[in-house]
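Structure at a glance
Residue-level listing of the chains:
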Amino acid sequence: MSLSSLPSQIPHLFFDKGTIRIENGDLIRIPGTKHDARTKSLRSYGLHYSEIVEYLKNSDLSFVDNVPDFIFSPTLQMKDLELRDYQKQALQNWEKSSMKGCVVLPTGAGKTAVGISAIQKINASALVIVPTIDLMDQWANSLSKHLSIDNSGDDESIRVGRLGGGEDDVQAITVATYDSAYIRASSIGNQFKLIIFDEVHHLPAPGYRLIAEQFVSPCRLGLTATIEREDGLHELIPYLTGGVVFRLGSKDLSEQKYLAEYTVDR
């Protein structure tokens, strides 16, 4: 269908290179959007997709949504992974926060397990973004180990895609480096329902924050041991992924015998 044939009274939403383009000459204002004189449409970052849809629904406005192109994902089940009590609480807090927000746990506390459980909970296409090739390999191996396709009793491992280190394989469950996600965000930003930012304190850096802005993913999870940054840019994280929904420190986990006892030497 050509754009000229679209009914002008009904908003039509499109994903356009990391942005949401709303075609409707008669529609004057939607929160979070700006008028684009070049295309005579409204435009917004992909980040605001959920807010735009919610506004249109709450306003009882009919609209056509052509934005999501989520990669089909088979039904997933977890195997050989049992969450600790605090990991379960972190996941529950994230769910209560509309499946947006950050979990702050010390190194060795099992942030990856929380992320894998979030993917299984969503049971849809998911992208995990990591800062290094080594972490990409670790996540891919953990996902293959602990997620399988629910196939009437058959234990079939999922195929995990990779973006980075010379690999360009996009699957329903994919792990990418921040650099590769930055390069591809404008083209694959509407293909994943869930996006997980490992070491989320990297995200607010100039350039990387564009990843979060160009993806439409309605579900977002940030994972880190140290969310604060010396430059203060961590204040952008609630805008990019949602605020902190769960935090537990090394002292608490050591007292609960989840981490070994330790001393601090300065």
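Bear in mind that the values here come from a model prediction, so they are computed numbers and not experimental data. (Residues numbered from 1 in each chain as written. Predicted model: local features only at pLDDT ≥ 70, side-chain atom pairs only at ≥ 80, totals over all residues. Heavy atoms only, no water.)

1. Topic: the sheet that holds strand β16 (residues 244-247)
Pairing between the strands of a sheet is mediated by backbone hydrogen bonds and can be parallel or antiparallel. Read from one edge of the open sheet, eight strands run β12-β11-β13-β8-β14-β15-β7-β16, paired in mixed fashion. Each edge of the open sheet carries a strand with a single partner, namely β12 (167-169) and β16. Neighbour to neighbour, the strand axes of the sheet diverge by 20° on average, direction disregarded. Contacts between helix α2 (residues 85-96) and the sheet are confined to β7 (100-104), β14 (194-198), β15 (219-224) and β16, with β16 contributing the most and set at about 170° to the helix. (Pairing = 2+ DSSP bridges. Helix = DSSP H or I, 4+ residues; strand = E, 2+ residues; numbered from the N terminus. Axes fitted to C-alpha atoms, helices over the stretch in contact; angles between N-to-C directions. Contact = heavy atoms within 4.5 Å.)

2. A closer look at the sheet that holds strand β1 (residues 12-16)
Reading across the sheet, the five strands line up as β3-β4-β2-β1-β5 and stay open at both edges, with mixed pairing between neighbours. The open sheet is flanked by β3 (34-36) and β5 (64-65), the only strands paired with a single partner. Looking at chain direction, β3 and strand β4 (residues 41-45) are connected through three bridges and run antiparallel. Bridging across to β4, aspartate 36 finds its partner in serine 41.

3. Examining the nonpolar core
Counting residues in hydrophobic clusters, the biggest one holds 40 residues, and the most contacted among them are Trp94, Val103, Ile119, Leu143, Val175 and Leu194. Every residue in contact with isoleucine 119, bar those within four places of it in the chain, is listed here: Leu76, Ala124, Ala126, Val128, Leu143, Leu147, Ile173, Leu194 and Ile196. Grouped together as the second largest cluster of nonpolar side chains are 21 residues, Ala181, Phe192, Phe197 and Ile211 included. (Core = buried A, V, L, I, M, F, W, Y, C linked by side-chain atoms within 4.5 Å. Buried < 20%, exposed > 50% of the residue type's maximum accessible area, 1.4 Å probe, protein only.)

4. A look at the pattern of salt bridges
Counted according to the given criterion, the structure contains twelve salt bridges. A salt bridge links aspartate 36 to arginine 43; the nearest nitrogen and oxygen atoms lie 2.8 Å apart. Here the two residues aspartate 36 and arginine 43 agree in accessibility, since each one is buried. In this structure, the salt-bridge partner of arginine 184 is aspartate 168, at a minimum N-O distance of 2.8 Å. Of the two residues, arginine 184 sits in helix α5 (residues 178-188) while aspartate 168 sits in strand β12, which places them 16 residues apart along the sequence. A relative accessible area of 23% places arginine 184 in the partly exposed class. Connected via shared salt-bridge partners are Asp16, Arg21, Glu23, Asp36, Arg38 and Arg43. (Salt bridge = Lys/Arg side-chain N within 4 Å of Asp/Glu carboxyl O.)

5. Some points on helix α4 (residues 133-146)
Between the first and last C-alpha of α4 there are 20 Å, a value that for 14 residues agrees with the 20 Å anticipated at 1.5 Å per step. Residues of α4 that are buried include every one of Leu135, Met136, Trp139, Ala140, Leu143 and His146, and no others. Down the axis, α4 shows its buried residues gathered within 150° of arc, on one side only. Summarising the geometry of α4, the exposed residues directed more than 90 degrees from the buried face are Asp134 and Lys145. (Expected span 1.5 Å × (residues − 1). Arc of directions from axis to C-beta.)

6. Brief notes about the packing of helix α3 (residues 111-122) against α4
As a packed pair, α3 and α4 sit with axes 11 Å apart at the nearest point and diverge in direction by 55°. Considered as vectors, α3 and α4 are oriented oblique to each other. Crossing angle aside, the handedness with which α3 passes α4 is right-handed. Contacts between α3 and α4 pair Thr112, Gly115, Ile116 and Ile119 from the former with Trp139, Ser142, Leu143 and His146 from the latter. Across the contact of α3 with α4, the residue classes break down as four nonpolar, four polar and no charged. (Parallel < 35°, antiparallel > 145°, perpendicular 65-115°, else oblique. Left-handed = near helix turned anticlockwise from the far one by under 90°. Nonpolar A, V, L, I, M, F, W, Y, C, P; charged D, E, K, R; others polar.)

7. Overview of unusual backbone geometry
Positive phi values are uncommon outside glycine, yet asparagine 123 reaches one of about 55°. Its place among the elements puts asparagine 123 in the loop between α3 and β8 (126-130).

8. Remarks on α5
Residues of α5 that are buried: Tyr178, Ser180, Ala181, Ala185 and Ile188. When α5 is viewed along its axis, its buried side chains cluster within an angular range of 145° and face the same direction.

9. Some thoughts on the confidence of the model for the protein
In this model, the protein carries a mean pLDDT of 90, and residues with pLDDT of at least 70 account for 89%. Note on residues 1-7: pLDDT under 50 across the span, and seven contacts to partners over four residues away in sequence or across chains. (pLDDT = per-residue confidence, 0-100.)

10. Quick notes on the pairing of β4
Counting buried positions over the five residues of β4 gives four, a clear majority of the element. Across four bridges, the pairing between strand β2 (residues 19-23) and β4 is antiparallel. Looking at the pairing, threonine 19 lines up with tyrosine 45 of β4. What sits between β3 and β4 in their antiparallel hairpin is a turn of four residues, with lysine 40 showing a positive phi close to 55°.

11. Overview of the layout of surface pockets
Its volume calculated, the largest pocket comes out at about 270 Å³. Lining the largest pocket are 17 residues; nearest its centre among them are Gly110, Lys111, Thr112, Gln138 and Trp139. Elements with a minimum of two residues in the lining of the largest pocket: α3 and α4. With five residues, the top contributor of residues to the lining of the largest pocket is α4. For the lining of the largest pocket, the class distribution of residues is seven nonpolar, seven polar and three charged. (1 Å grid on protein atoms, 1.4 Å probe; cavity = no way out; pocket = protein on both sides within 12 Å on 5 of 7 lines; lining within 4 Å. Points joined across faces, edges and corners; volume = space filled by probe spheres on them.)

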